[in-house]
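# Observations on chain architecture
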Amino acid sequence: MSDLIKKDADFVWHPFTQHETERAPIGIVRAKNASLFAEDGKEILDLISSWWTCLHGHSHPALNEALSEQAEKMAHIMFSGFTHEPAVDLASELAGLLPEDLSRVFYSDNGSTSVEVALKLVYQYWLNQGEGARKVFVAFEGGYHGDTLGAMSVGKGCGFFSLFEDLMCEVETVPFAETWDGDAHVEEREAEALEIIDGLIEARGHELAGIILEPLMQGAGGMRFCRPSFLDAVCERIRDAGGLIVFDEVATGFGRTGSLFAFMQTEFVPDVICLSKGLTAGYMPMSVTVARESLFDAFLGADFSKALPHGHSFTANPLACAVALRSLRLIEEEKTLDKIAHIQERHKSMLPRLHGLEGIACPRVLGTVLACNLSANEGGYKSDTSLALRDWYLAHGLNIRPIGPVIYLMPPYCITDGELESAYEGLIEGIETVVQA
Ligand SMILES: *Cc1c(COP(=O)(O)O)cnc(C)c1O
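Source: prediction; values computed, not measured.

Of the regular secondary structure elements, the protein chain holds 14 helices and 16 strands. In terms of overall size, the protein chain behaves like a compact globule, its C-alpha atoms giving a radius of gyration of 22 Å where 437 residues would be expected to give roughly 22 Å. If one aligns the C-alpha atoms of the protein chain with their principal axes, the spans along those axes are about 65 × 60 × 45 Å. Relative to its full complement of 437 residues, the protein chain shows a buried share of 54%. Taking as baseline every contact in the protein chain between residues at least 6 positions apart, the subset at least 24 positions apart corresponds to 71%. Put simply, the protein chain shows about 18700 Å² of open surface, and 53% of that area lies on carbon and sulfur atoms. Computing the positive centroid from 33 side-chain charges and the negative centroid from 63, the protein chain places the two 3 Å apart.

Glancing now at the sheet that holds strand 1 (residues 28-32). With mixed pairing, 4 strands are arranged side by side in an open sheet as 1-2-3-15. In the strand order of this sheet, the two ends are held by strand 1 and strand 15 (398-399), each with one partner. As paired elements, strand 2 (residues 35-38) and strand 3 (residues 43-46) share 3 bridges and run antiparallel to each other. Looking at the pairing, Leu 36 lines up with Ile 44 of strand 3.

Let us now look at the site of the ligand. Contacts to the ligand come from Trp 52, Asn 110, Gly 111, Ser 112, Tyr 144, His 145, Gly 146, Glu 214, Asp 248, Val 250, Ala 251 and Lys 277. Within the side chain of Asp 248, an N or O atom sits 2.6 Å from a nitrogen atom of the ligand. Take Lys 277: an N or O atom from its side chain is 2.7 Å from an oxygen atom of the ligand. Look at the ligand: alone it shows 380 Å² of surface, and the protein chains cover 83% of it. Of the residues that constitute the shell around the ligand, the class distribution is 4 nonpolar, 5 polar and 3 charged.

As a further point, take the nonpolar core. The biggest cluster of nonpolar side chains holds 80 residues, and the ones touching the most others in it are Trp 52, Leu 90, Tyr 107, Met 223 and Phe 254. By residue number, the principal contributor to this core is helix 10 (residues 318-333), which donates 8 residues. If we skip the residues at most four places from it in the chain, Phe 254 touches Leu 55, Leu 94, Leu 260, Phe 261, Leu 275, Ser 276, Gly 278, Leu 279, Leu 328, Ile 331 and Tyr 413. Listed in part, the 28 residues of the second largest apolar core include Ile 343, Leu 370, Cys 372 and Ala 423.

The next thing to look at is the sheet that holds strand 7 (residues 208-213). Pairing within the open sheet is mixed, and its 7 strands lie in the order 4-12-11-10-7-5-6. In the strand order of this sheet, the two ends are held by strand 4 (102-108) and strand 6 (171-174), each with one partner. When strand polarity is set aside, the average angle formed by the axes of neighbouring strands in this sheet is 20°. As judged from the 4 bridges shared by strand 5 (residues 136-140) and strand 7, these two strands associate in the parallel manner.

Here we take up the packing of helix 7 (residues 186-204) against helix 8 (residues 228-240). Relative orientation of the contacting elements helix 7 and helix 8 amounts to 10°, with a least axis distance of 10 Å. Considered as vectors, helix 7 and helix 8 are oriented roughly parallel to each other. Of the residues in helix 8, those touching helix 7 at Glu 190, Ala 193, Leu 194, Ile 197, Asp 198 and Ile 201 are Phe 230, Ala 233, Val 234, Arg 237 and Ile 238. Along the lines of polarity and charge, the residues of the contact of helix 7 with helix 8 split into 8 nonpolar, no polar and 3 charged.

Attention shifts here to a negative patch on the surface. A contiguous patch of negative charge, built from Glu 85, Asp 89, Glu 93 and Glu 332, is present on the exposed surface. Of the residues forming the negative patch, the biggest block, 3 residues, is contributed by helix 4 (residues 85-97). Note that Glu 85 resides in helix 4. The exposed category is assigned to Glu 85, whose relative accessible area is 61%.

The next subject is the pattern of salt bridges. According to the stated counting rule, one finds 22 salt bridges in the structure shown. Arg 239 is the partner of Asp 271 in a salt bridge, and the nearest nitrogen-oxygen pair spans 3.1 Å. Taken together, the residues Asp 271 in the loop between strand 10 (244-248) and strand 11 (272-275) and Arg 239 in helix 8 connect sequence positions 32 residues apart. Through salt bridges that share partners, Glu 100, Asp 101, Arg 239, Asp 271 and Arg 292 make up one connected network.

What counts, and where the lines are drawn
- Residues numbered from 1 in each chain as written.
- Predicted model: local features only at pLDDT ≥ 70, side-chain atom pairs only at ≥ 80, totals over all residues.
- Heavy atoms only, no water.
- Helix = DSSP H or I, 4+ residues; strand = E, 2+ residues; numbered from the N terminus.
- Rg over C-alpha atoms; globule rule 2.2 N^0.38 Å.
- Buried < 20%, exposed > 50% of the residue type's maximum accessible area, 1.4 Å probe, protein only.
- Contact = heavy atoms within 4.5 Å.
- Areas by Shrake-Rupley, 256 points an atom, 1.4 Å probe, with all protein chains shown as cover.
- Lys, Arg positive; Asp, Glu negative; His and termini not counted.
- Charge placed at Lys NZ, Arg CZ, Asp CG, Glu CD.
- Pairing = 2+ DSSP bridges.
- Near = heavy atom within 4 Å.
- Polar contact = N/O pair within 3.5 Å; in protein donor to acceptor, adjacent residues only side chain to side chain.
- Nonpolar A, V, L, I, M, F, W, Y, C, P; charged D, E, K, R; others polar.
- Core = buried A, V, L, I, M, F, W, Y, C linked by side-chain atoms within 4.5 Å.
- Axes fitted to C-alpha atoms, helices over the stretch in contact; angles between N-to-C directions.
- Parallel < 35°, antiparallel > 145°, perpendicular 65-115°, else oblique.
- Patch = residues over 30% accessible without salt bridge, like charges linked within 9 Å, V, L, I, M, F, W, Y side chains within 5 Å.
- Salt bridge = Lys/Arg side-chain N within 4 Å of Asp/Glu carboxyl O.

Structure representation (structure tokens):
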């Protein structure tokens, strides 16, 4: 055991980790493009983009340069009563990428806080309107929105947080009509879900503050996809009932589902959108909650009472903003959407093989995400099979980390055809060795 790992064992508390049973973590000393390099020199292909944050690849020269240039000017200043070019430029660029009046950018530090901001904003919007306040949020079963209290409340449908139910705010969860390649029953599933949503609206429509959802793809809930038309139907219903629409694109933003933002494949423009993970291309913790200008207007008033009482020490950190801006330019310079389309085509060519694989069900592809389920579907985020698979993949130089019974790849956009090929071969071999054994 290296000194690093010994010290880690003595002093560090890792996320989502049972320290008594978990094997020692792998010490990483360097990362480049799609690869991580361990202390012992071993190369690991990062097929989940370091928890879905890394876009263009690790240690990209242009991003490194943007970061160090900004560090020479200033690393951080408070963002209340002060402003700076990186934050203003990034806000205006994001507003330019988003449709209609989705143009008011609130900065925070991570995906969970971007969701907290969205929830507080929607809740307070109704208070500021001065009508009978709408207090109930709608969320999908299987939805995940982060680990802070408000985010856990709207994410209670993902099942990770039942311990904390007593602390949660009131949320109505409704079924998510998931689908996959070759699914013959999606219409029935959609009709059932819509019927339940109609029932909820009939019973409580006037109380609904709004809905929060991950458009097209539920990430942590298990890479569950739905059809754009289903989302449109759900959002239309909530909007007709007077509720606001929040799209949590923390995971789906910046190309993951094939378009710059997932909602661009739907007919629907939300009232609020949350972005993080890929925002800084995997460099810095930062997020934004972007609201329609018409919502922002509801927070104006002669005194503080209508203002949004929210802010973080590191709000609009200049280093993070600078690297995010550079990443947006890279998306154009490197024709990133073409790369994504190419990865999607390669992924799709794997579908027939996955369909034919014993022990595997529901293969599916959306953008750079290739996913399938263990058909035995033995539950649990950390089931034995899923842990054994994770360890087998790591031992074979692949960072593939199943979510319970769901195995998926979500590579950085710089991944080469050769690397994809070894990922696919490894993916299949792992299933044949661990699952079919
Ligand atoms: C990861 C994630 C979050 C939470 O982001 P953190 O940065 O981990 O707090 C919220 N929503 C979605 C959809 C996510 O995938």
